[in-house]
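Below are the chains, spelled out letter by letter.
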Amino acid sequence: MPPMASFYLGTSGFAYEPWRHGVFYPEGVAASGMLRHYATVFRSVEINYTFRRYPTDKVLTAWREQTPDDFRFTLKAHMRITQIRRLRDAGADVRDFVDRCGALGNRLGPLLFKCPQGLAYDEKLLRAFAADLPPGVRAVMDFRDPSWSEARALVAENGLAWCVADTDEAVASDGDWTEQPFAYLRLRRAEYSDAELETWAVRIRSALDRGRDVYCYFKHEDSAAGPRMALRLEQAIRATSLPP
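> Explain the overall build of the chain to me, please; I cannot follow it from the model alone.
Each helix and strand counted, the chain has eight helices and eight strands in total. With the C-alpha coordinates aligned to their principal axes, the bounding extent of the chain is approximately 50 × 45 × 40 Å. Within the chain, the proportion of its 244 residues that are buried is 51%. In the chain, of all internal contacts separated by at least 6 residues, the share reaching a separation of at least 24 is 73%. Accessible surface computed for the chain: about 11,500 Å², of which carbon and sulfur atoms make up 51%. Within the chain, the 33 negative side-chain charges are centred at a point lying 4 Å from the centre of the 33 positive side-chain charges.

> Sorry, what's going on with helix α8 (residues 225-238) here?
Given 3.6 residues per helical turn, the α-helix brings residues three or four places apart onto the same face. In this model α8 runs 20 Å from its N-terminal to its C-terminal C-alpha over 14 residues, within 8% of the 20 Å that 1.5 Å per residue would give. Listing the buried residues of α8 in full gives Ala225, Gly226, Pro227, Met229, Ala230, Leu233, Ala236 and Ile237. Where the residues of α8 are buried, they touch β1 (7-11), β7 (183-187), α7 (194-209) and β8 (214-218).

> Looking at this structure, I do not really get the pairing of strand β2 (residues 44-47). What am I missing?
Walk down a regular strand and you will see the side chains alternate between the two sheet faces. What you see with β2 is no split at all: Ser44 and Glu46 on one side and Val45 and Ile47 on the other are buried throughout. Both β2 and strand β3 (residues 72-76) contribute to a ladder of four bridges, which runs parallel. Considered in β3, the bridge of Ile47 is made with Leu75. After leaving β2, the chain enters helix α2 (residues 57-65) and then returns to the sheet as β3, a path that is right-handed.

> Just checking my understanding: could you explain the pairing of strand β5 (residues 139-142) for this structure?
Residues of β5 alternate between two faces, with Ala139 and Met141 on one and Val140 and Asp142 on the opposite face, all of them buried. This β-α-β element, strand β4 (residues 108-114) to helix α5 (residues 123-131) to β5, shows right-handed connectivity. Relative to strand β6 (residues 161-166), β5 runs parallel, the two sharing two bridges. Note on β6: the bridge partner recorded for Val140 is Ala161. The handedness of the β5 to β6 crossover, carried by helix α6 (residues 152-157), is right-handed.

> What is the right way to look at the pattern of salt bridges in this model?
Working definition: two side chains of opposite charge can pair if their charged atoms are close together. Going through the model one piece at a time under the given rule, you end up with 21 salt bridges. Between Arg43 and Asp70 there is a salt bridge, with its nearest N and O atoms 3.8 Å apart. Taken together, the positions of Arg43 in the loop between α1 (34-41) and β2 and Asp70 in the loop between α2 and β3 put the pair 27 residues apart, joining distant regions of the chain. The closest approach of N and O atoms between Asp69 and Arg107, which form a salt bridge, is 3.4 Å. Of this pair, Asp69 sits in the loop between α2 and β3 while Arg107 sits in the loop between α4 (91-100) and β4, and the two are 38 residues apart along the sequence.

Conventions adopted
- Residues numbered from 1 in each chain as written.
- Predicted model: local features only at pLDDT ≥ 70, side-chain atom pairs only at ≥ 80, totals over all residues.
- Heavy atoms only, no water.
- Helix = DSSP H or I, 4+ residues; strand = E, 2+ residues; numbered from the N terminus.
- Buried < 20%, exposed > 50% of the residue type's maximum accessible area, 1.4 Å probe, protein only.
- Contact = heavy atoms within 4.5 Å.
- Areas by Shrake-Rupley, 256 points an atom, 1.4 Å probe, with all protein chains shown as cover.
- Lys, Arg positive; Asp, Glu negative; His and termini not counted.
- Charge placed at Lys NZ, Arg CZ, Asp CG, Glu CD.
- Expected span 1.5 Å × (residues − 1).
- Pairing = 2+ DSSP bridges.
- Right-handed = clockwise from strand over helix to strand, strands pointing away.
- Salt bridge = Lys/Arg side-chain N within 4 Å of Asp/Glu carboxyl O.

Structure representation (structure tokens):
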């Protein structure tokens, strides 16, 4: 029997003023109560502002206290690691980033490493970066340069997850879908039909049944279409032929 897998569904960010007053957050939910309510609907959130700013202990402690034990925060790794060092000799900076995020405790999920467009494929660089990661870090590689397109197997071989991005400009296919050591999916299209969500539901269901955790995030926009599509995806997964 494969190990029990977890599905972490959510959106990229949660603290959006246009989502209040009945759009996503019910009327009466204050700005300070957004995360607490969000965590009653979804099990995870992708935090992007950590790419440019280090979070404070006060902020991280508040996040931990407002979420249940099984909630996970995915943090985008600081740009010093990916844009300035470009992954080279970055172990100390990654350790510093992880230490700074220690106040999250077990709520800390994967770290998303957004690499610059000009960072070309480099096998030695990737292997050295992976070898220098702190123990227990679940790293996701978001490569923007097309030269990395054939490196999925190498990424998995080094214990790293591949960020699968599905956008209006570049629709992800079965060939893009990877689930080792876990699956990481960013659904970024402006709209998804029921059929398109059902296709993703089958892929996700299959990964979960093989014992692979799946992290999935819809993009932010002011209309709160992202959380609504996330809930539709969750319903589609529950409706698949195999039990949820």
